[in-house]
Amino acid sequence: MALFSKKKKKRVVVIGIDGVPYTFIRKHIDSGDFPNFKALLEKGDFRRMNSVMPCISSVAWSSYMTGCNPAKHNIYGFIDRKPNPFDMFIPTSVNMKAPTLWQILSENKLRVVVINVPVTYPPKEVNGVLIADFLATDLRKAVYPQSVFDKLDSIGYRIDVDAWAGRKDKDKFLEDINYTIDKRIETAYWLFESQKWDFFQLHIMSTDRINHFLWEEYEADDPKYAPQFLAFYKKIDSFLGEMEKKVSENSEFIVLSDHGFCSIKKEVFTNYWLEKEGYLKFSKEKRSGLKDMSPETKVYSLIPGRFFVNLKGREQFGSVEPGAEYEKVRDELIEKLPTMTDPETGNKIIRRVYKREEIYSGPHFEQAADIIADPQNGYDLKANLNQDQLALKGSLEGMHTYDDASLYIRSRQIIGDSLWIADLMPTILHLLGVNIPEHVDGKVAV
Amino acid sequence: MGKGFTVWFTGLSGSGKTAISKFVEKEILKQGREVEVLDGDVVRTHISKGLGFSKEDRDAHISRLGWLASRFSHYGVPVITAAISPYKDIRNNCRQMITSAGGIMVEVYCECDLDTLIKRDVKGLYKKAIAGEIKNFTGVSDPYEAPDNPEVVCDTAKETVEESAQKVIDKLYELGCLKKEGETEEPYSEAEKKEIDKRLEALGYL
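Please read these numbers as outputs of a predicted model, since none were measured by experiment.

Cut-offs applied
- Residues numbered from 1 in each chain as written.
- Chains lettered and ligands numbered in written order.
- Predicted model: local features only at pLDDT ≥ 70, side-chain atom pairs only at ≥ 80, totals over all residues.
- Heavy atoms only, no water.
- Helix = DSSP H or I, 4+ residues; strand = E, 2+ residues; numbered from the N terminus.
- Rg over C-alpha atoms; globule rule 2.2 N^0.38 Å.
- Buried < 20%, exposed > 50% of the residue type's maximum accessible area, 1.4 Å probe, protein only.
- Contact = heavy atoms within 4.5 Å.
- Pairing = 2+ DSSP bridges.
- Salt bridge = Lys/Arg side-chain N within 4 Å of Asp/Glu carboxyl O.
- Axes fitted to C-alpha atoms, helices over the stretch in contact; angles between N-to-C directions.
- Buried area = accessible area lost by both parts, 1.4 Å probe.
- Polar contact = N/O pair within 3.5 Å; in protein donor to acceptor, adjacent residues only side chain to side chain.
- Nonpolar A, V, L, I, M, F, W, Y, C, P; charged D, E, K, R; others polar.
- Arc of directions from axis to C-beta.
- Domains from an automatic or database assignment.

A. Just the overall build of chain B, in detail. Along chain B, the regular secondary structure elements total eight helices and five strands. Listing each helix as α and each strand as β along chain B from the N terminus yields β-α-β-α-α-β-α-β-α-α-β-α-α. Taking 17 Å as the expected radius of gyration for a compact globule of 206 residues, we find that chain B reaches 19 Å, a close match to that expectation. Considered along the principal axes of its C-alpha atoms, chain B spans approximately 70 × 35 × 30 Å. Evaluated residue by residue, chain B yields a buried proportion of 46% over its 206 residues. For chain B, long-range pairs separated by at least 24 residues make up 74% of all intrachain contacts whose partners lie at least 6 apart in sequence.

B. How the structure looks around the pairing of strand E3 (residues 80-83) of chain A. Residues and elements named next belong to chain A. Sheet topology places E3 next to strand E4 (residues 86-89); four bridges connect them, and they run antiparallel. Paired with Pro-83 across the bridge in E4 is Phe-86. Hairpin connection from E3 to E4: two residues lie between these consecutive antiparallel strands.

C. Just the pattern of salt bridges, in detail. Residue and element names in this part refer to chain A. With the rule as written, the count across this model stands at 49 salt bridges over all chains. Residues Arg-412 and Glu-252 are paired through a salt bridge, measuring 3.9 Å at the closest nitrogen-oxygen approach. Of this pair, Arg-412 sits in the loop between strand E19 (405-410) and helix H15 (424-431) while Glu-252 sits in strand E9 (residues 252-256), and the two are 160 residues apart along the sequence. Linked by salt bridges that have partners in common, Arg-81, Arg-314, Glu-315, Arg-356, Glu-366 and Asp-370 make up one network.

D. Quick peek at unusual backbone geometry. Residue and element names in this part refer to chain A. Across the junction of Asn-84 and Pro-85, the peptide omega takes the value -5°, indicating a cis bond. One can find Pro-85 in the loop between E3 and E4. Backbone torsion omega between Ile-303 and Pro-304 reads -15°, so that peptide bond is classified as cis. In this fold, Pro-304 is placed in the loop between strand E12 (299-302) and strand E13 (306-309). Unlike most non-glycine residues, Asn-116 shows phi in positive territory, near 70°.

E. Structural detail: the sheet that holds strand E6 (residues 128-131) of chain A. Residues and elements named next belong to chain A. The strand order across the open sheet built from eight strands is E2-E19-E9-E1-E8-E5-E6-E7, with neighbouring strands paired in mixed fashion. Edge positions in the open sheet fall to strand E2 (44-49) and strand E7 (143-144), since each of these has one partner strand only. In this structure, E2 lies alongside E19, joined through six bridges in antiparallel fashion. Counted as the bridge partner of Arg-48 is Ser-406 from E19. The strands touched by helix H4 (residues 57-66) are strand E1 (12-17), strand E8 (199-204) and E9; relative to E8, the strand with the most contacts, the crossing angle is about 175°. Against the sheet, H15 makes contact with E1, E2, E8, E9 and E19, and its axis sits at roughly 170° relative to E9, the strand it touches most.

F. Seen up close, the interface of chain B and chain A. Listed by partner, the interface residues are 19 residues for chain B and 27 residues for chain A. Buried surface at the junction of chain B and chain A, both sides included, amounts to about 2200 Å², of which 62% is carbon and sulfur. Scanning the region where chain B abuts chain A turns up one salt bridge. At the junction of chain B and chain A, the tally comes to eight residue pairs in polar contact (both at pLDDT 80 or more). Here the element with the most residues in the side of chain B that touches chain A is helix H8 (residues 190-202) of chain B; it accounts for nine residues. Among the residues making up the side of chain B that touches chain A, the classes are represented as nine nonpolar, two polar and eight charged.

G. Representation of helix H3 (residues 35-43) of chain A in the model. All names here are of chain A. Residues of H3 that are buried: Asn-36, Phe-37 and Leu-40. One face of H3 carries all of its buried residues, which in axial projection span an arc of 95°. Against helix H2 (22-30), E2, helix H11 (225-246), E9 and E19 lie the buried residues of H3.

H. Fine view of the domain arrangement of chain A. Residue and element names in this part refer to chain A. Its domain assignment divides chain A into domain 1 (9-264 + 398-431) and domain 2 (266-392). Domain 1 and domain 2 are separated by 30 Å when their C-alpha centres are compared. On the domain 2 side, the residues contacting the 25 residues of domain 1 number 32 residues. Around 2400 Å² of area is buried between domain 1 and domain 2 when both sides are counted, 62% of it from carbon and sulfur atoms. When residues of domain 1 are sorted by the area they lose upon contact with domain 2, Met-53, Arg-81 and Phe-86 head the list and together hold 28% of the total. There are two salt bridges connecting domain 1 and domain 2. Ionic pairing is found between Arg-306 and Asp-80, a salt bridge with its closest N-O pair at 4.0 Å. Where domain 1 packs against domain 2, one counts 12 residue pairs in polar contact (both at pLDDT 80 or more). Those elements that place two or more of their residues in the side of domain 1 that touches domain 2 are helix H5 (70-73), E3, E4, strand E10 (260-263) and strand E18 (398-401). For the side of domain 1 that touches domain 2, the class distribution of residues is 15 nonpolar, six polar and four charged.

Set out below in structure tokens:
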């Protein structure tokens, strides 16, 4: 009898649409632009979701894949610093300190296919296939196992679009982004059909890229670029519809984004502000980087809104004593940062300032910035040096928002009052019947 | 590939530079990395051939050592130099060359008082120098300028060679020149890092 009553094994498919706001999807479902997404809503639940602080893709997807806050997975940004000797580095999978969803599934003998998820480069061994993210420069080094490289090469797979084109030549950028998504979808279908898998994830980065470089044209209903922007999203909508049909009924189909988006009013240079306020000093007239800061520095910052106290005993040339002086500097920042205003409009730039212990806890807490500033929508916090003004309108058009990420789960009701991206990892383990490790911060959301 | 670094031993003749460097070399090799040892006496038989022991010649010799070390650093290859290198200014110039090439300079001062060295006199050189048979002999008839801020000081009159070597090795781990077990190497070559920096800059992350 067992032969006839045996159910088909449950599997999970996840499509990551990087940086697509919940409110944006809702709006275009209502206006009829996304008929496939509309059809999905009839079968499942769609909710607004919080990201993580700071809400950038490397941090958010690290929380997604580990179910943890950054102090447990150790990824705090696309750029980070070693305090002593002082050095800057790009966090990659090498720095990831918590086990990932696909590592746990692999250990449980489940097969995985993972395509292009941020912070998966260099690729680690999995029970299946992993194609790493845009932090890879060479596709040959971005794939596990090596045997998939030839096929990807023959497809013409691209790791990422050329973001410089987004700044300089929007027509070229659109051509690139459409080519890249077509090849990514082709790759996804090939792996979906040719591999054995229990967990399948495709990450679409191009949505974030188009938002960064064409969000203003979209909002302004630009006659040339707004239709192309929407055409790109309609392509994504069609793909979601097609993909969903391929996922059998007893399996789960999940779509999520890692943060929201809004247009940029100004880029704001936090190190310029620190210099003006006397916290950051340089020993050289020309600064090639933070490594040129003087030992008198009390605070320096990294993108976006991460403020580090130049603490004695921790930083190479620390100047602030641990204890009372450290707290005094942090308290001053908490008082002063919210008074920062847009010189043109007088609008407040900072929404809220956190001490690191308010939002992070875990074994890699010490790597965290001492103060984290959350900006008002429209003020994109940057840490560039050699700026001659606090804020300006640059060529980037869109910036990330914390509370407008999105989550769709087919055939399940999403539960929980404070849904955030770290809830996904335990939710997926639960759906696949795998034990959830105790250290995980997220909660099962179905 | 890891970052290039140069372990620059300095100190009087017989102060233990070569002996300590052999232990350090072994530790670097244990990590599966290549290492180039530039022994002052050996280099004098090649690219410094013909140079004597006047200040000018010594500076030229050390400068060549420094330049060679900087080239290895540029390509991420660890270097050990073991030469008296008595003058502060030229050692500082070498530091500048190495760091500009992307390497880390780890200056190790092998400190030992003259009495101990004379007693030790493994090669019999001090005896000859004191007798006037060798001219311009550092510490006897030529000056030695100790470094102001070396990364490591080995008190070789008191420490065993193993103890001194351990101090150097500990410093290499502390500075990230060597990786502890479980730590992985930098995932990017210099060229790849430049490409990723460019990509992140376009996206506004740098």
